[in-house]
Amino acid sequence: ATFFITGRFATKFPDIVKLIAEEGHEIGNHGYSHPHPDKISKKENQDEILKAAEAIYEASGVETIYFAPPYGEHKPHVVEAAAEIGYKTIMWTVDTVDWDKNKQPQDIYEKVIKNIQNGAIVLMHPTDRTLTALDNIIKDLQQKGYELVTLSKLLP
């Protein structure tokens with residue numbers, strides 16, 4: 001999997017970030033403090049990305065190349081900000097909406113299974129509901145012949 005991590009998280013939980021990298025997962029950049037990227041300047045976006053990159057590198061030794069903007073906000077200045085400092089902006093194709101406390105594990109599971117397709121990028125968050133749904137999602141996707149890969153393997 002590719003985990004998009006905020007710099008704040010990397011600073012607070014460096015052992016988890018290091019473990020993610022050691023387990024062979026990919027780490028992407030989700031900004032430092034999770035602001036609304038569309039509402040801040042290009043320079044402020046770049047500062048968020050670079051500060052997060054530093055925190056992620058300190059925790060894991062990984063240099064990030066992908067940026068997933070918080071809230072999925074991607075006005076032109078946000079995408080340009082990332083590109084100018086060497087990042088590819090990543091969006092998702094399947095949103096589990098798992099951040100919604102009203103979503104049950106079954107809702108999350110169904111959202112993925114009903115909307116999956118080759119090359120899909122599934123957005124998930126670290127919630128208990130997602131964790132509960134995840135084993136069945138992985139098992140059923142693999143039974144259907146899907147291979148779960150990092151973005152680096154998926155994208156040219």
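Treat the numbers as computed from the prediction; the structure is a model and nothing was measured.

Student: Let's hear about the overall build of the protein chain: which residues, and what values?
Tutor: Within the protein chain one finds seven helices and six strands. Order of helices (α) and strands (β) in the protein chain, N terminus to C terminus: β-α-α-β-α-β-α-β-β-α-β-α-α. The proportion of buried residues among the 156 residues of the protein chain is 38%. For the protein chain, the proportion of contacts with a sequence separation of at least 24, taken over those separated by at least 6, is 67%. Counting 17 positive and 23 negative side-chain charges, the protein chain places the averaged centre of each group 4 Å from the other.

Student: Could you give an account of the environment of Tyr57, with specific residues and numbers?
Tutor: Within the secondary structure, Tyr57 is located in helix α3 (residues 42–60). Each C-alpha atom of the pair Tyr57 and Ile27 lies 9.9 Å from the other, and the pair is 30 residues apart in sequence. Look past the residues within four positions of Tyr57 in its chain and what remains in contact with it is Val62 and Glu63.

Student: Explain unusual backbone geometry to me, using residue names and the numbers behind them.
Tutor: Phi angles above zero are rare outside glycine, and His34 is one such case at about 65°. The topology assignment puts His34 in the loop between β2 (26–29) and α3. A relative accessible area of 24% places His34 in the partly exposed class. Not every positive phi belongs to a glycine, and Val97 is a case in point at roughly 50°. Residue Val97 is classed as buried on the basis of its relative accessible area of 19%.

Student: Got a sec to walk through the layout of surface pockets? Specific residues and values, please.
Tutor: In this model, the largest pocket occupies a volume close to 1800 Å³. Along its surface, the largest pocket is lined by 50 residues, and Thr2, Val122, Leu123, Met124 and His125 are the ones closest to its centre. Put simply, the parts of the chain that give the lining of the largest pocket at least two residues each are β1 (2–5), α1 (7–12), α2 (14–22), β6 (122–123), α6 (128–143) and α7 (151–154). Per element, the largest residue contribution to the lining of the largest pocket is seven residues, and it comes from α6.

Student: Lay out the environment of Ile16 in plain terms, naming residues and giving numbers.
Tutor: Its location among the elements puts Ile16 in helix α2. Taking relative accessible area as the criterion, Ile16 reaches 40% and is therefore assigned partly exposed. Placed 44 residues apart in sequence, Ile16 and Ser60 show a C-alpha to C-alpha distance of 9.0 Å.

Student: Kindly report on empty space enclosed by the protein, identifying the contributing residues and their values.
Tutor: For the structure shown, the criterion picks out one cavity of 30 Å³ or more. For the largest cavity, the calculated volume is near 40 Å³. Looking at the largest cavity, the residues that line it are His30, Gly31, Pro35, Pro37, Ile40, Asn45, Glu48, Phe67 and Pro70.

Student: With reference to specific residues and values, describe the packing of helix α5 (residues 105–115) against α6.
Tutor: Between α5 and α6, the least distance of the axes is 8 Å, while the angle of their chain directions is 35°. The hand of the α5/α6 crossing is right-handed. In contact with Pro105, Ile108, Tyr109, Val112 and Ile113 of α5, α6 contributes Arg129, Thr130, Thr132, Ala133, Asn136, Ile137, Asp140 and Leu141. When its residues are assigned to classes, the contact of α5 with α6 shows eight nonpolar, three polar and two charged.

About the cut-offs
Residues numbered from 1 in each chain as written. Predicted model: local features only at pLDDT ≥ 70, side-chain atom pairs only at ≥ 80, totals over all residues. Heavy atoms only, no water. Helix = DSSP H or I, 4+ residues; strand = E, 2+ residues; numbered from the N terminus. Buried < 20%, exposed > 50% of the residue type's maximum accessible area, 1.4 Å probe, protein only. Contact = heavy atoms within 4.5 Å. Lys, Arg positive; Asp, Glu negative; His and termini not counted. Charge placed at Lys NZ, Arg CZ, Asp CG, Glu CD. 1 Å grid on protein atoms, 1.4 Å probe; cavity = no way out; pocket = protein on both sides within 12 Å on 5 of 7 lines; lining within 4 Å. Points joined across faces, edges and corners; volume = space filled by probe spheres on them. Axes fitted to C-alpha atoms, helices over the stretch in contact; angles between N-to-C directions. Left-handed = near helix turned anticlockwise from the far one by under 90°. Nonpolar A, V, L, I, M, F, W, Y, C, P; charged D, E, K, R; others polar.

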